[in-house]
Amino acid sequence: MARDAGRMLRAGLAGGMLVLPVSAELLEYSIVPSLTNPFISDYSASDAHLVCIDPEVPARGRLVLFLPGTGSRPADYRLFSQCAAELGYHVIGLDYPNAYSVGGVCNSAGQNEPDCHELSRLEIITGFDFSPHFEVGVFDSISGRLSSLLEYLAVNNPGQNWEQFLVNSEIQWEKIVATGHSQGGGHSLYLANMVGLERCISFSGIDWRVSSGEPASWVNTSFASSVSRIYFFAHYQEWDFEGVTDSFAGTLGIKRYGDHVFAENSPAPRFDETHFFVTDLEPTRGPSEGGLYHNVAIMDADLEFKEDGVTPRLKSAWRYLLTHETRPVRISISASEARIYFSPGQLEFSTDLMNWVEFPYPFTPSPLVIPRDSEAWAERGFYRLDPTP
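Residues numbered from 1 in each chain as written. Predicted model: local features only at pLDDT ≥ 70, side-chain atom pairs only at ≥ 80, totals over all residues. Heavy atoms only, no water.

A. Spotlight on the overall build of the protein chain. From N to C terminus, the protein chain includes 10 helices and 20 strands. Looking at the protein chain residue by residue over its 389 residues, the buried ones come to 53%. Working note: accessible area of the protein chain is about 16500 Å², and carbon and sulfur atoms make up 52% of it. (Helix = DSSP H or I, 4+ residues; strand = E, 2+ residues; numbered from the N terminus. Buried < 20%, exposed > 50% of the residue type's maximum accessible area, 1.4 Å probe, protein only. Areas by Shrake-Rupley, 256 points an atom, 1.4 Å probe, with all protein chains shown as cover.)

B. Focus on the packing of helix α5 (residues 116-126) against helix α7 (residues 183-194). One way to put it is that α5 packs onto α7 with a least axis distance of 10 Å and a crossing angle of 90 degrees. Classified by the angle between their axes, α5 and α7 sit roughly perpendicular to one another. Of the residues in α7, those touching α5 at Glu118, Arg121, Leu122, Ile124, Ile125 and Thr126 are Gln183, Gly186, His187, Tyr190, Leu191 and Met194. Its residues assigned to classes, the contact of α5 with α7 comprises 6 nonpolar, 4 polar and 2 charged. (Axes fitted to C-alpha atoms, helices over the stretch in contact; angles between N-to-C directions. Parallel < 35°, antiparallel > 145°, perpendicular 65-115°, else oblique. Contact = heavy atoms within 4.5 Å. Nonpolar A, V, L, I, M, F, W, Y, C, P; charged D, E, K, R; others polar.)

C. Summary view of the pattern of salt bridges. Under the defined criterion, the tally for this structure stands at 16 salt bridges. Of the charged contacts, one joins Glu86 and Lys315 as a salt bridge, the two residues approaching to 3.0 Å between their closest N and O atoms. Taken together, the residues span a long stretch of sequence, with Glu86 in helix α3 (residues 78-86) and Lys315 in helix α9 (residues 315-323) at a distance of 229 residues. The class for Glu86 is partly exposed, based on a relative accessible area of 33%. The shortest N-O distance in the salt bridge between Asp302 and Arg285 comes to 2.9 Å. In this pair, Asp302 is assigned in the loop between β14 (276-279) and α9 and Arg285 in the loop between β14 and α9, connecting sequence segments 17 residues apart. A residue is classified by how much of its surface remains accessible, and Asp302, at 0% relative accessible area, is buried. Under the relative-accessibility criterion, Arg285 is labelled partly exposed at 24%. Ionic contacts of the salt-bridge type, sharing partners, join the residues Asp47, Arg73, Asp95, Asp140 and Arg145 into one network. (Salt bridge = Lys/Arg side-chain N within 4 Å of Asp/Glu carboxyl O.)

D. Structural view of the state of the cysteines. Summed over all chains, the structure comprises 1 disulfide. Linked covalently through their sulfurs, Cys106 and Cys116 form a disulfide whose S-S length is 2.2 Å. Disulfide Cys106-Cys116: torsion about the S-S bond near -75 degrees, hence left-handed. With a gap of 10 residues between them, Cys106 in helix α4 (residues 102-109) and Cys116 in helix α5 connect regions that are remote in the sequence. The residues Cys106 and Cys116 share a single accessibility class, namely buried. (Disulfide = S-S within 2.5 Å.)

E. Representation of unusual backbone geometry in the model. A positive phi angle, near 65 degrees, is found at Ser169, a position not held by glycine. Mapped onto the elements, Ser169 comes out in the loop between β6 (166-167) and β7 (170-171). A positive phi angle, near 60 degrees, is found at Glu273, a position not held by glycine. Looking at the secondary structure, you find Glu273 in the loop between β13 (261-262) and β14.

F. Structural view of the sheet that holds strand β16 (residues 337-342). In space, the 3 strands of this open sheet follow the order β15-β16-β19, with antiparallel pairing throughout. Looking along the sheet, the strands with just one partner apiece sit at the ends: β15 (329-333) and β19 (368-371). Between one strand and the next, the sheet's axes are offset by a mean angle of 15 degrees, whatever the strand orientation. Taken together, the 5 bridges between β15 and β16 define a ladder with antiparallel strand orientation. For Ser332, the partnering residue across the bridge sits in β16 and is Arg339. (Pairing = 2+ DSSP bridges.)

G. Looking closely at the packing of aromatic side chains. Tallied over the full model, the rule gives 17 aromatic pairs. Between Phe39 and Phe139, the ring centres sit 5.1 Å apart and the planes meet at 20 degrees, which makes this aromatic pair stacked. With Phe39 in the loop between α2 (33-36) and β3 (49-53) and Phe139 in the loop between α5 and α6 (142-156), this residue pair connects regions lying 100 residues apart in the sequence. Under the relative-accessibility criterion, Phe39 is labelled exposed at 59%. Given a relative accessible area of 29%, Phe139 falls into the partly exposed group. Taking the centre distance of 4.7 Å and the plane angle of 45 degrees together, the rings of Phe66 and Tyr77 count as tilted. (Phe/Tyr/Trp six-rings, centres within 6.5 Å; stacked < 30°, edge-to-face > 60°.)

H. Representation of the nonpolar core within the structure. Grouped together as the largest cluster of nonpolar side chains are 58 residues, with contacts concentrated most on Ile92, Leu146, Trp162 and Trp173. At 6 residues, the largest contribution of residues to this core is made by α6. For Trp162, the residues in contact, after removing those within four places along its chain, are Val51, Cys52, Ile53, Leu63, His90, Val91, Ile92, Leu150, Leu153, Ala154 and Asn157. Judged by nonpolar contacts, the second largest core, of 34 residues, contains Phe66, Tyr89, Val261 and Ala297. (Core = buried A, V, L, I, M, F, W, Y, C linked by side-chain atoms within 4.5 Å.)

I. Inspection of the pairing of β14 at higher detail. Burial of the side chains of β14 extends over both faces: Phe276 and Val278 are buried on one face and Phe277 and Thr279 on the other. Across 4 bridges, the pairing between strand β12 (residues 230-235) and β14 is parallel. Paired with Phe233 across the strands is Phe277, a residue of β14. In this sheet, β14 lies alongside β13 in parallel orientation, the contact comprising 2 bridges. By the bridge assignment, Phe262 is partnered in β14 with Val278.

J. Local environment of the side chain of Ser350. Within the secondary structure layout, Ser350 lies in strand β17 (residues 346-350). Polar side-chain contacts of Ser350 include one of 3.1 Å to the side chain of Asp352. Here Leu353 takes part through its backbone nitrogen, which lies 2.8 Å from a polar atom of the side chain of Ser350. (Polar contact = N/O pair within 3.5 Å; in protein donor to acceptor, adjacent residues only side chain to side chain.)

Now the structure itself:
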């Protein structure tokens, strides 16, 4: 189903714009969605896309698409968007219909609708009638609004090269970093399932079926995007960590690159090569002000800052998530064992560099663990990665 929807996404769609003061170099625009297409609805006076670009930084030729959480707006996440622009990304914080929580709706539906999460996300992303719980038209969908905004930016901001992300009315998903928070993080992961993305970063976006105590069924299917391009960031205390967060990350397959890492305590810039961040920082707002563990990793209002009062404490982790390139093979050695982490593919073994076999047979998921007291440790061996087993 996701593959068919992915083909749908390749078809693009044919108030006001406010320039916000940020710095002498970084440009930031607030754009009313209906300004980009008269068929788009404005649900409230605060609806606005957030667009960032830094013309003084060498452009990467990649677009960061940020999708806010339920009831939130792109302006609630300005600091992350600015961070991405400082790294040379074109950045769009997309305002889209997000008044209702996918998780809340689908967990209320219970066992009777096992595909509720997937069908809901399909409708919100494509605008086609997949779900009885959401009514999102094609022009108001994530893909529809993104297409209209890219067309608008290409016409009204010539020289910034927004047209590279929409060619012949088709969104160039392979050039897009899909990211988002909560509901938006779930949409970014589902996009990674549907189409091949440049990268996917989900902040606390989990599709979890409470009735059965497991991830939604689509999370267990083959993704169009490589797992080497998928990253996840959650708060240690927002859910049952072992039962929900860690299990969800395992189902995604990202634990093949190592266990979770606490972003505030681990050494930058490599962060142990992880694809799975957690934080245990406290929200800066109290519960009565709306402060939640759920928001700490990404939402401006609950970020903790460094001593300068300007730099988010987690900014180095954001930069890592936006720029990290996965190493095909990595070895970690401790007092008791060696661990070989490897990207998607089959790890092969040889004692003479001439005859290679799968090790161990038939398939070992990453990481391969070799205890120091094992025969494999005592035997000289060589390892290589076959990326297409």
